[in-house]
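One letter stands for each residue in the lines below.
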There are 2 protein chains.
Amino acid sequence: MNDNSEKQKMVKMLKALANPIRLKMIASLHEKPKNVYALAKELEIPYPLAHLHLNGLKKLGLVKEVRAEQKVKGLPSVKYYAPSKFEIVLTPETIGKLYAESERGKNG
Amino acid sequence: MNDNSEKQKMVKMLKALANPIRLKMIASLHEKPKNVYALAKELEIPYPLAHLHLNGLKKLGLVKEVRAEQKVKGLPSVKYYAPSKFEIVLTPETIGKLYAESERGKNG
DNA sequence: TTAGTATGTAATATTTTTCTTATATATAAA
DNA sequence: TTTATATATAAGAAAAATATTACATACTAA
């Protein structure tokens with residue numbers, strides 16, 4: 001019942017990482033945490049696009065908010081993001097295992 | 001000049017692997033080499049679709065022909081495929097490195 | 001000769017992903 | 001008040017990926 005979610009999660013993760021903008025974002029945030037606005041400027045893409053891509057990474061837990069600086073009074077603070085700790089190893093073996101294990105999971 | 005190809009190749013590889021059918025194919029071929037027709041039946045998808053997906057993997061070198069059995073006389077032999085040996089490790093560090101190194105490659 | 005095995009491709013249709021444009025809010029500085 | 005900083009979302013357009021249908025070839029077995 002739940003054995004599919006592992007495979008589905010993997011596909012979602014890989015889809016998220018299979019994009020040059022999102023890879024660049026992770027690389028940039030790994031170097032130094034920053035906010036969406038700065039990221040958009042650095043990658044030379046419009047803010048809504050940057051927001052969209054970062055949000056996708058955030059939803060999958062590949063990127064997280066590390067701190068929120070309240071520059072002014074009680075107002076929209078600047079949110080800094082950094083990559084989460086993740087490790088995905090792709091080999092014929094790991095892929096084979098992913099499917100073999102969930103097959104077994106079906107019955108026992 | 002050539003520093004982009006590494007990143008582009010990575011994105012292509014990840015795109016190829018970010019698909020349930022293609023992951024299943026690799027898992028199945030890792031278990032036992034087989035031909036497109038058998039793969040199509042096993043995954044319960046139409047042959048042209050299986051051909052399309054396997055071709056994508058083949059073009060990137062993720063899957064290779066391991067042998068061709070000539071069942072009959074001088075005719076379309078059955079082609080068996082297996083995954084190539086590959087290893088892709090995805091962490092914030094490896095992604096950061098991928099982009100940092102190619103940046104440096106631009107000038108030196 | 002029809003069904004099953006086996007290959008491969010082309011054209012189209014569908015679906016998903018990606019990108020742009022527009023909207024809305026809020027502050028500071030010029 | 002206009003520009004720059006900063007957030008967030010929605011709607012629609014464009015592009016890319018995915019899937020279907022049809023075609024063409026070729027042998028074997030029923």
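Bear in mind that the values here come from a model prediction, so they are computed numbers and not experimental data. Residue positions within a chain follow its written sequence, with the count starting from 1. Chains and ligands are labelled by the order in which they are written, letters from A for the one and numbers from 1 for the other. It should be noted that, the model being predicted, local features are given only for residues of pLDDT at least 70 and side-chain atom pairs only at 80 or more, the latter also being counted only at that level, while totals for whole chains, interfaces and linings use all residues. Heavy atoms from the whole structure form the basis of all side-chain values; hydrogens and water molecules are not counted.

Once that is clear, we can look at the confidence of the model for chain A. Per-residue confidence for chain A gives a mean pLDDT of 87, with 81% of residues at or over 70. The low-confidence segment residues 104–108 of chain A, where pLDDT is below 50, has one contact with residues more than four positions distant or belonging to other chains. Predictor confidence is given residue by residue as pLDDT, running from a minimum of 0 to a maximum of 100. Note on definitions: a residue-residue contact is assigned when non-hydrogen atoms from the two residues lie within 4.5 Å.

Further remarks concern the pattern of salt bridges. All names here are of chain A. We define a salt bridge as a side-chain nitrogen of Lys or Arg found within 4 Å of a carboxyl oxygen belonging to Asp or Glu. Tallied over the full model, the rule gives two salt bridges over all chains. In this structure, Lys34 and Glu42 form a salt bridge, with 3.7 Å as the shortest nitrogen-oxygen distance. When its relative accessible area of 11% is taken as the criterion, Lys34 is described as buried. Throughout, exposure labels follow a simple rule: accessible area from a 1.4 Å probe, protein chains only, divided by the maximum for the residue type, with under 20% read as buried, over 50% as exposed, and the rest as partly exposed.

This brings us to unusual backbone geometry. Residues and elements named next belong to chain A. The phi angle at Glu44 is positive, at roughly 55°, despite the residue not being glycine. Here Glu44 shows up in the loop between α3 (36–43) and α4 (47–59). Since its relative accessible area comes to 73%, Glu44 is described here as exposed. Secondary structure elements follow DSSP: runs of H or I of four or more residues count as helices, runs of E of two or more count as strands, with numbering from the N terminus.

This next bit is on the relation of the copies chain A and chain B. Copy-to-copy superposition: least squares on the C-alpha atoms, limited to residues that have pLDDT of at least 70 in both copies. At an RMSD of 0.0 Å, chain A and chain B line up after a rotation of 180° and a shift of 0.0 Å along the axis. Such values leave the two copies arranged in the relation of a two-fold axis. Relative to the rotation axis, the C-alpha of A:Val89 is the closest in chain A, positioned 2.3 Å from it. Interface residue correspondence from chain A to chain B reaches 100%, placing this contact among same-surface, isologous pairings.

What follows covers the interface of chain A and chain B. At the junction of the two partners, chain A supplies 26 residues and chain B supplies 26 residues. Reported buried area values correspond to the accessible surface (1.4 Å probe) lost by two parts on association, with both partners' losses combined. Here chain A packs against chain B, burying approximately 2300 Å² in sum over the two surfaces, 79% of which is carbon and sulfur. If you sort the residues of chain A by the area they bury against chain B, A:Leu23, A:Leu90 and A:Pro92 come out on top, with a joint share of 24%. Seen at the junction of chain A and chain B, the total is zero salt bridges. Listing elements by their share of the side of chain A that touches chain B, those giving two or more residues are α1 (3–17), α2 (20–31), β3 (88–90) and α5 (92–105) of chain A. If one sorts the elements of the side of chain A that touches chain B by residue count, α2(A) sits on top with six residues. Looking at the side of chain A that touches chain B residue by residue, the class counts come to 17 nonpolar, five polar and four charged. Strands are treated as partners if at least two bridges between them are detected by DSSP. Looking at chain direction, β3(A) and strand β3 (residues 88–90) of chain B are connected through three bridges and run antiparallel. Paired with A:Leu90 across the strands is B:Ile88, a residue of β3(B). Throughout, the ten residues Ala, Val, Leu, Ile, Met, Phe, Trp, Tyr, Cys and Pro are labelled nonpolar, Asp, Glu, Lys and Arg are labelled charged, and all others, Gly among them, are labelled polar.

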